[in-house]
Amino acid sequence: QLQLVESGGGLVQPGRSLRLSCTSSTFNFDYYAIGWFRQAPGKEREGVSCISSGGGSRNYADSVKGRFTISRDDAKNTVYLQMNSLKPEDTAVYYCARGGWTADCHIREREYDYWGQGTQVTVSS
């Protein structure tokens, strides 16, 4: 079974930082794009960021540009989402997902078939 596991969520004060991690013990990340998505209570799931295989293409939602950074370390089979200057509206369950083999990536749910269980991020004073 394909499995992705997120970690690093928690409760933080506005303006602080968190780093989320996404990894898998069932497949190698080397050949795949990885995306981050989030869903807040009462809202639709939205794309946050993605990184292509090899890291040559990165995309971000407008709401997180300049604050979040996605990166990958294929030797560790891990993709990270560094979240800085967190805002209360960033509160959500964050999911990572496996994409395709293409050189670019898009934040489109239909391009991602395998998802992690999610990790809760709460930004509150």
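In the block above lies the structure referred to throughout.
I will try to describe carefully the structure that is included in this document. (Residues numbered from 1 in each chain as written. Predicted model: local features only at pLDDT ≥ 70, side-chain atom pairs only at ≥ 80, totals over all residues. Heavy atoms only, no water.)

A look at the nonpolar core
Point 1. Within the largest apolar cluster, 26 residues are counted, with the highest numbers of intra-cluster contacts made by Ile34, Trp36, Phe68, Leu81, Met83 and Tyr94.
Point 2. Those elements that provide at least two residues to this core are strand E3 (18-23), strand E4 (34-39), strand E5 (46-51), strand E7 (68-73), strand E8 (78-83), strand E9 (92-98) and strand E11 (119-123).
Point 3. Those residues in contact with Tyr94 that sit more than four places away from it in its chain are Glu6, Leu20, Trp36, Phe37, Arg38, Val48, Phe68, Leu81, Met83, Gly118, Thr119 and Val121.
Point 4. Counting residues in each nonpolar core, the second largest holds 7 residues, with Phe37, Ala97, Ile107 and Tyr112 among its members. (Core = buried A, V, L, I, M, F, W, Y, C linked by side-chain atoms within 4.5 Å. Buried < 20%, exposed > 50% of the residue type's maximum accessible area, 1.4 Å probe, protein only. Helix = DSSP H or I, 4+ residues; strand = E, 2+ residues; numbered from the N terminus. Contact = heavy atoms within 4.5 Å.)

Concerning the pairing of E8
Point 1. With 5 of 6 residues buried, E8 is to be regarded as a mostly interior element.
Point 2. Note that E3 and E8 share 6 bridges and pair antiparallel. Bridging from a neighbouring strand, Arg19 pairs with Gln82 of E8.
Point 3. Summarising the sheet, E7 and E8 pair through 6 bridges and their orientation is antiparallel. Residue pairing in the sheet places Arg72 in a bridge with Val79 of E8.
Point 4. In this structure, the hairpin formed by E7 and E8 is closed by a connection of 4 residues, where Asn77 is found at a positive phi of approximately 55°. (Pairing = 2+ DSSP bridges.)

Purely geometric numbers; function is a separate question.
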